[in-house]
Amino acid sequence: MTTANQVTSRGDGFALGLIATGAASVGIGALVAIVLSTIGATEQAVTISQMPIAAEEAGAPLGGAQPVVGSAYETASVTFSVLPAGIRSMLWAESVLPAIATIGVCAIAWWLAVSLMRARPFRRAMSTAIAVVSVLVIVGGTVGQLLGAFARAAAVEFLATDGPGAEPFSLFLLELDLAPIGWGFALALIAGAFGIGSRLQRDTEGLV
């Protein structure tokens, strides 16, 4: 029989504790990734991955191997011995913004797991926090991709100033992943549901 102090079963408490621990661990991992990206941004040599290769320079990595009909390189990793600060900043933001969104999601997951263990998930601050994280997810996912594409385009222009080094690369290529926008909208709906739940909880407590 469940008492007032025992709001969750032992199994539920273990599962929620595991979720809270996992969320905290992933959030710490994302924070470490931000620190490493910041340290890497201060190094002299910078490697830019996924530099878009122009179609006419794509080459054929598999040649005429059977049963392959055709193949081509689409991107390359290029290490620069020197790079302007603006490009470095955009590359840094490309990696840091999604990590910040991850930290926000993990913080919400941890807080919600702890609130469920205490049987009080519907808090007014919870809906606000989830709404803020939904914006972080959308901004971190989309703006990060845009900044990465602009950084690679700027790197190609930087190569062009020193001669024919930019010829193998496309000037601008963006394959926008819309998943962060979908996740952000889903979190916004959850924020709205928690806002309604917190009002219903207050009304219920007022009737007791």
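What counts and what doesn't
- Residues numbered from 1 in each chain as written.
- Predicted model: local features only at pLDDT ≥ 70, side-chain atom pairs only at ≥ 80, totals over all residues.
- Heavy atoms only, no water.
- Helix = DSSP H or I, 4+ residues; strand = E, 2+ residues; numbered from the N terminus.
- Buried < 20%, exposed > 50% of the residue type's maximum accessible area, 1.4 Å probe, protein only.
- Axes fitted to C-alpha atoms, helices over the stretch in contact; angles between N-to-C directions.
- Parallel < 35°, antiparallel > 145°, perpendicular 65-115°, else oblique.
- Left-handed = near helix turned anticlockwise from the far one by under 90°.
- Nonpolar A, V, L, I, M, F, W, Y, C, P; charged D, E, K, R; others polar.
- Salt bridge = Lys/Arg side-chain N within 4 Å of Asp/Glu carboxyl O.
- Contact = heavy atoms within 4.5 Å.
- Lys, Arg positive; Asp, Glu negative; His and termini not counted.
- Polar contact = N/O pair within 3.5 Å; in protein donor to acceptor, adjacent residues only side chain to side chain.
- Core = buried A, V, L, I, M, F, W, Y, C linked by side-chain atoms within 4.5 Å.

Brief notes about the environment of Ala186
- Within the fold, Ala186 resides in helix H4 (residues 179-207).
- Residue Ala186 is classed as partly exposed on the basis of its relative accessible area, which comes to 31%.

As for the packing of helix H2 (residues 85-117) against helix H3 (residues 124-160)
- Across the interface, H2 lies against H3 with an axial gap of 7 Å and an inter-helix angle of 160°. In this view, H2 runs roughly antiparallel relative to H3, as classed from their interaxial angle. The interaxial crossing formed by H2 with H3 has left-handed handedness.
- When the residues that make up the contact of H2 with H3 are grouped by side-chain class, the tally is 26 nonpolar, five polar and two charged.

Considering the pattern of salt bridges
- Tallied over the full model, the rule gives one salt bridge.
- Two residues, Arg152 and Glu94, come together in a salt bridge whose shortest N-O distance is 3.2 Å. Residue Arg152 is found in helix H3, and its partner Glu94 is found in helix H2; the two are separated by 58 residues along the sequence.
- What makes Arg152 buried here is its relative accessible area of 9%.
- Glu94 sits in the partly exposed class, given a relative accessible area of 23%.

Thoughts on the side chain of Ser127
- Along the chain, the position of Ser127 falls in helix H3.
- Among the residues examined, Ser127 registers a relative accessible area of 13% and is labelled buried.
- Ignoring anything within four residues of it in the chain, the contact list for Ser127 reads Ala191, Phe194 and Gly195.

Considerations on the environment of Arg118
- Within the fold, Arg118 resides in the loop between H2 and H3.
- With a relative accessible area of 58%, Arg118 lands in the exposed category.
- Each C-alpha atom, one on Arg118 and one on Gly13, is 9.5 Å from the other, the two residues being 105 residues apart in sequence.

Quick look at the side chain of Arg88
- Relative to the helices and strands, Arg88 is located in helix H2.
- The side chain of Arg88 sits in the buried core without any salt bridge; Glu43 is the nearest counter-charge, 7.4 Å away.
- Among the polar contacts listed, one links the side chain of Arg88 to the backbone oxygen of Gln44, at a separation of 2.6 Å.
- Not counting the four nearest positions on each side in its chain, Arg88 is found in contact with Ala41, Thr42, Glu43, Gln44, Ala45, Val46 and Leu83.

Describing the nonpolar core
- Grouped together as the largest cluster of nonpolar side chains are 14 residues, with contacts concentrated most on Ile48, Met51, Phe80, Leu83, Leu91 and Phe169.
- At the level of elements, strand S1 (46-52), strand S2 (75-80), H2 and H3 are the ones that each hand at least two residues to this core.
- The biggest single contributor to this core is H3, with four residues.
- Not counting residues up to four positions away in its chain, the partners in contact with Leu83 are Val46, Ile48, Arg88, Leu91 and Phe158.
- Listed in part, the 10 residues of the second largest apolar core include Ala101, Ile108, Ile130 and Phe194.

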